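Structural features, examined
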Amino acid sequence: MSRIPAGMYIPGKSFLHRLDPLAKLIGLIILLAAVIAASSPGGYLLLILFIGVLLALSGLPFKLAIAPLRRTYLFFAVIFLMNALFFADVDPLWTWWIFSLSRTGLIQGANVVLRLAIIIVAGHILISTTSPMEITAAFRRLLKPLQYINIPVDIVALIVSVAIHFIPVLAEEVEMIRKAQTVRGARFDSTRLRDRAASLLPLVIPVFVNAFKRADELALAMEARGYRGEGRRVSGPEIAFQARDFGAVLIMAAICAVQILVL
Amino acid sequence: MAVRRLTLIAFFTALIAILAQLAVPLPFSPVPVTGQLLGVFLAGTLLGGRDGCLAILAYLLLGAAGAPVFSLGRGGLMMLFGPTGGYLWGFLPGVYLSGRLQEGNQRPGAPGLLTTAGATLFFLGCIYLCGAIQLSLVTGYSASEAILAGVLPFIPLDAAKAFIAAVLGARVKKIMHAGGLLQSCAVNSPEAVRD
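Just so we're clear, the structure is a prediction, and the values are computed from it rather than from any experiment.

Some remarks on the nonpolar core
Counting 129 residues, the largest nonpolar core has F208(A), F12(B) and F91(B) as its most contacted members. Tallying contributions element by element places helix α9 (residues 153–183) of chain A first for this core, with 14 residues. When sequence neighbours within four positions are dropped, the list of residues in contact with F91(B) reads Q36(B), L37(B), V40(B), I56(B), Y59(B), L60(B), F123(B) and I127(B).

Written out as structure tokens, the structure reads:
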């Protein structure tokens, strides 16, 4: 946990980079709906073309944009074969032992692989053109309406930032407690599952007790510095939707509608 | 909300993220056992419905924003919207219902192990339901295929984890009460005032 990867964000000034992160996030969610609705070759063609347009707009090098696909092609191959060979169908094209190649199986396999590939590339484009901070802020704005059903969005945002801060600290503590308990005879590396389960007790309990104590201390420190919990906190410049952001969301919605109604 | 309660929830979020990184490789399966479920089960038992929900919500947001907090150091939006995302979304209704079932009685030693274990199994059911629904939506599997591929193989181990979480939760709660830690966190909280 100490080495948090820098993320796949690639700074730039392309159209997609400048688009409001919230618009990108909403766009991605609508795109997912369109992918789930897709079922015909025409539908997939439309989606793939659209992903191509997104790639062009993002200014990312093509090789980089499809990198996640090259890492996972084996996984795709396995999924495709599993679907193609094990799909029970009335008239298989070819059977041998427990395998039966069928038309429906092939179509099902292609469906699953295409959907996953489109989702993965779309998500990768979002992550490459949007910094983690921007994504967090966009989530916060997206969840803002949840305030009306009594979900305290600002508090959740604060919880996230405190948690980010303390993950490395607590991870170190867990490691320390693990070593201390090993010295006292706990068997973390036993091959018996029962021993493993039993060894959790001396690890998890001190970890939780410590975390509860630290939470207390942190609360005291925050109150001593004047944190009262009410009022508006500001983090970075507020961004507002512009015409191009509305346009982007509308185009996504149109594609989704075409997908559901026409194709 | 009391600042103490807030920091406690934040620490719980961090703990879930850390527990998710503890992986025990299994000799017979490529999927290792991780502590992620243990962490979320304990959130329901120790934080209760509403606060458990906040901890999970923060956890999912952290992961969605790309921090490697999900099991085995994974993270990113695709974990939530991909085929297995439902198992993560399921934490939210699960922790709420399980926490609610275990609230009610705040005396030390309550609720009993049986209530906690039952609520945790209920929690697991919520996760499976959401997981199977999203699996079938994203991959186009039928309901029975989704259950066969995404639920049945995991039931024995997950049920074992639920039981371990119930035992651990009861123990930690007892120690917290003995050390006065839970009480101090409950002071100033709206629940305490209402009671």
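Still to come is the rest of the account.
Observations concerning a nonpolar patch on the surface
Taken together, the side chains of Y73(A), L74(A), V78(A), M82(A) and F86(A) present a nonpolar region at the surface, about 560 Å² in accessible area. Within the element layout of this structure, V78(A) appears in helix α6 (residues 73–86).

With respect to helix α8 (residues 132–143) of chain A
The end-to-end C-alpha distance of α8(A) is 16 Å, a good match for the 16 Å that 12 residues give at a rise of 1.5 Å each. Looking at the buried side of α8(A), the elements it contacts are α2 (21–37) and α9 of chain A together with α3 (49–64) and α4 (77–81) of chain B.

Details of the pattern of salt bridges
Going through the model one piece at a time under the given rule, you end up with 7 salt bridges over all chains. For the salt bridge of R178(A) with E175(A), the shortest nitrogen-to-oxygen distance reads 3.2 Å. On the criterion of helical spacing, the pair formed by R178(A) and E175(A) is a turn pair, its members being 3 residues apart in helix α9. With a relative accessible area of 30%, R178(A) lands in the partly exposed category. Judged by relative accessible area, which is 33%, E175(A) ranks as partly exposed. The residue R4(B) makes a salt bridge to D216(A) at a minimum N-O spacing of 3.3 Å. Of this pair, R4(B) sits in helix α1 (residues 3–19) while D216(A) sits in helix α10 (residues 193–224), placing the two residues on different chains. The exposure class of R4(B) is partly exposed, given its relative accessible area of 24%.

A short note on the packing of aromatic side chains
One pass over the full model with this rule turns up 6 aromatic pairs over all chains. Chaining the aromatic ring pairs together yields one cluster made of F208(A), F212(A) and F12(B).

Conventions adopted
- Residues numbered from 1 in each chain as written.
- Chains lettered and ligands numbered in written order.
- Predicted model: local features only at pLDDT ≥ 70, side-chain atom pairs only at ≥ 80, totals over all residues.
- Heavy atoms only, no water.
- Core = buried A, V, L, I, M, F, W, Y, C linked by side-chain atoms within 4.5 Å.
- Buried < 20%, exposed > 50% of the residue type's maximum accessible area, 1.4 Å probe, protein only.
- Helix = DSSP H or I, 4+ residues; strand = E, 2+ residues; numbered from the N terminus.
- Contact = heavy atoms within 4.5 Å.
- Patch = residues over 30% accessible without salt bridge, like charges linked within 9 Å, V, L, I, M, F, W, Y side chains within 5 Å.
- Areas by Shrake-Rupley, 256 points an atom, 1.4 Å probe, with all protein chains shown as cover.
- Salt bridge = Lys/Arg side-chain N within 4 Å of Asp/Glu carboxyl O.
- Expected span 1.5 Å × (residues − 1).
- Phe/Tyr/Trp six-rings, centres within 6.5 Å; stacked < 30°, edge-to-face > 60°.

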